Amino acid sequence: MSKVFVFDHPLIQHKLTYIRDKSTGTKEFRELVDEVAALMAFEITRELPLQEVTVETPVGPAKSMTIAGKKLGLVPILRAGLGMVDGILRLIPAAKVGHVGLYRDPETLQPVEYYVKLPADVEEREFIVIDPMLATGGSAVEAIHSLKKRGAKTIKLMCLIAAPEGVEVVKEAHPDVDIYLAALDEKLNEKGYIVPGLGDAGDRLFGTK
Ligand code: PRP
Ligand code: URA
């Protein structure tokens, strides 16, 4: 069964407060999402396997560590997932980036896929699917399904804010996928928005409303 982690690091929680604040403008919102994504990447990579190597320092040989294991792939769900990519890449610059384009039909709330492009070596990579919002869970379930269909074997899901309903839907559909959050909120409202959440993540990131 999927494990769910909520990162309680004070910097993440502090910045999330300003991300939620409706008086935070587009520029600051974008910067904060970028910063929180980097901090979450720091936490999510805590368990990466290490291997010992020998490096020559100016004083002599040192046994030291480098990251071992599978290479990483980031997959932002368009649009809003894009706001988290650069922050993560600052810490993991060698990660490759795939894209899954989905939008949520405003009437049915069902995800509609319009674009998928993944790294060629999809089977060799460990993927992190990223999206600020996990609401009904439909978009995340569909994006993960899309990756698995193309051969992805190891997938994590990283979101800023989730509703309990969405977490349950992902756990049910993809029990092998662990979920990493900055906050688990109270509920969904009748329009499928997370309460209290932060509103529409795509619109706030890109200034489209
Ligand atoms: C938002 C958000 C998620 C999705 C979450 O995207 O970024 O992808 O909704 O909702 P769900 O869990 O109920 O599927 P949206 O569909 O608004 O598209 P956009 O990013 O292009 O604005
Ligand atoms: N998508 C968003 O951007 N916000 C929500 O609260 C739910 C879905």
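Owing to the predicted nature of the structure, the values given are computational and were not obtained by experimental measurement.

## Describing the overall build of the chain
What the chain contains, in helices and strands, is six helices and 13 strands. Taking 17 Å as the expected radius of gyration for a compact globule of 209 residues, we find that the chain reaches 18 Å, a close match to that expectation. Referenced to the eigenvectors of the C-alpha coordinate spread, the extents of the chain come out at roughly 65 × 40 × 30 Å. Looking at the chain as a whole, 47% of its 209 residues qualify as buried. Long-range pairs, those at least 24 residues apart, make up 63% of the contacts in the chain between residues at least 6 apart in sequence. Where the 26 positive side-chain charges of the chain centre and where its 30 negative ones centre are 3 Å apart.

## Re the site of ligand 1
Near ligand 1 there are 14 residues, and of these Arg-104, Asp-131, Thr-136, Gly-137 and Ser-139 occur at the shortest range. Taking Asp-131, its side chain carries an N or O atom lying 2.4 Å from an oxygen atom of ligand 1. A distance of 2.9 Å is found between an oxygen atom of ligand 1 and a backbone nitrogen or oxygen belonging to Ala-135. Taking 500 Å² as the accessible area of ligand 1 by itself, protein coverage stands at 90%. Of the residues belonging to the shell around ligand 1, the class tally is seven nonpolar, four polar and three charged.

## Comments concerning the side chain of Asp-131
Looking at the secondary structure, you find Asp-131 in the loop between β8 (125-130) and β9 (133-134). Buried within the structure, Asp-131 lacks any salt-bridge partner; Arg-104 is the closest side chain of opposite charge, at an N-O distance of 9.2 Å. A distance of 3.2 Å separates a polar atom in the side chain of Asp-131 from the backbone nitrogen of Met-133. Setting aside residues up to four positions removed in sequence, Asp-131 forms contacts with Ile-77, Ala-80, Gly-81, Met-84, Met-158, Cys-159 and Leu-160.

## Observations concerning the packing of helix α4 (residues 138-149) against helix α5 (residues 164-173)
Look at α4 against α5: their axes get within 8 Å of each other, and the N-to-C directions meet at 25°. Overall, the two elements α4 and α5 adopt an arrangement that is roughly parallel. Where α4 crosses over α5, the handedness of that crossing is right-handed. Two secondary-structure elements touch here, α4 through Ala-140, Val-141 and Ile-144 and α5 through Val-169, Val-170 and Ala-173.

## Points about the site of ligand 2
In the region of ligand 2, the neighbouring residues are Arg-104, Met-133, Ala-135, Gly-192, Tyr-193, Ile-194, Gly-199, Asp-200 and Ala-201. Within the backbone of Gly-199, a nitrogen or oxygen atom sits 2.8 Å from a nitrogen atom of ligand 2. With respect to ligand 2, the backbone of Ala-201 contributes an N or O atom lying 2.8 Å from an oxygen atom. The protein chains hide 88% of the 240 Å² of surface that ligand 2 would expose on its own. Grouping the constituent residues of the shell around ligand 2 by class yields five nonpolar, two polar and two charged.

## Observations concerning the UniProt feature "domain: Phosphoribosyltransferase" (unreviewed entry) in the chain
In the numbering used here, UniProt assigns the "domain: Phosphoribosyltransferase" (unreviewed entry) feature to residues 6-208. Secondary structure content for residues 6-208 is 32% helix and 33% strand, while the C-alpha to C-alpha distance between its ends is 29 Å.

## Considering the nonpolar core
Counting 36 residues, the largest nonpolar core has Ile-19, Met-40, Ile-88, Met-158, Leu-160 and Ile-161 as its most contacted members. When residues in this core are grouped by element, the largest group, eight residues, is from helix α2 (residues 26-44). In this structure Ile-161 touches Leu-16, Arg-20, Pro-132, Met-133, Leu-134, Ala-183, Asp-185, Ile-194, Gly-197 and Leu-198, once residues within four positions along its chain are discounted. If you look at the next biggest cluster of nonpolar residues, it comprises 24 residues, including Val-75, Ile-77, Val-100 and Ile-155.

## Some remarks on a nonpolar patch on the surface
Taken together, the side chains of Val-4, Val-6 and Leu-184 present a nonpolar region at the surface, about 210 Å² in accessible area. The residue Val-6 is located in strand β1 (residues 4-6) in this model.

Cut-offs applied
- Residues numbered from 1 in each chain as written.
- Chains lettered and ligands numbered in written order.
- Predicted model: local features only at pLDDT ≥ 70, side-chain atom pairs only at ≥ 80, totals over all residues.
- Heavy atoms only, no water.
- Helix = DSSP H or I, 4+ residues; strand = E, 2+ residues; numbered from the N terminus.
- Rg over C-alpha atoms; globule rule 2.2 N^0.38 Å.
- Buried < 20%, exposed > 50% of the residue type's maximum accessible area, 1.4 Å probe, protein only.
- Contact = heavy atoms within 4.5 Å.
- Lys, Arg positive; Asp, Glu negative; His and termini not counted.
- Charge placed at Lys NZ, Arg CZ, Asp CG, Glu CD.
- Near = heavy atom within 4 Å.
- Polar contact = N/O pair within 3.5 Å; in protein donor to acceptor, adjacent residues only side chain to side chain.
- Areas by Shrake-Rupley, 256 points an atom, 1.4 Å probe, with all protein chains shown as cover.
- Nonpolar A, V, L, I, M, F, W, Y, C, P; charged D, E, K, R; others polar.
- Salt bridge = Lys/Arg side-chain N within 4 Å of Asp/Glu carboxyl O.
- Axes fitted to C-alpha atoms, helices over the stretch in contact; angles between N-to-C directions.
- Parallel < 35°, antiparallel > 145°, perpendicular 65-115°, else oblique.
- Left-handed = near helix turned anticlockwise from the far one by under 90°.
- UniProt positions renumbered as here; feature names shortened; annotations may be inferred.
- Core = buried A, V, L, I, M, F, W, Y, C linked by side-chain atoms within 4.5 Å.
- Patch = residues over 30% accessible without salt bridge, like charges linked within 9 Å, V, L, I, M, F, W, Y side chains within 5 Å.

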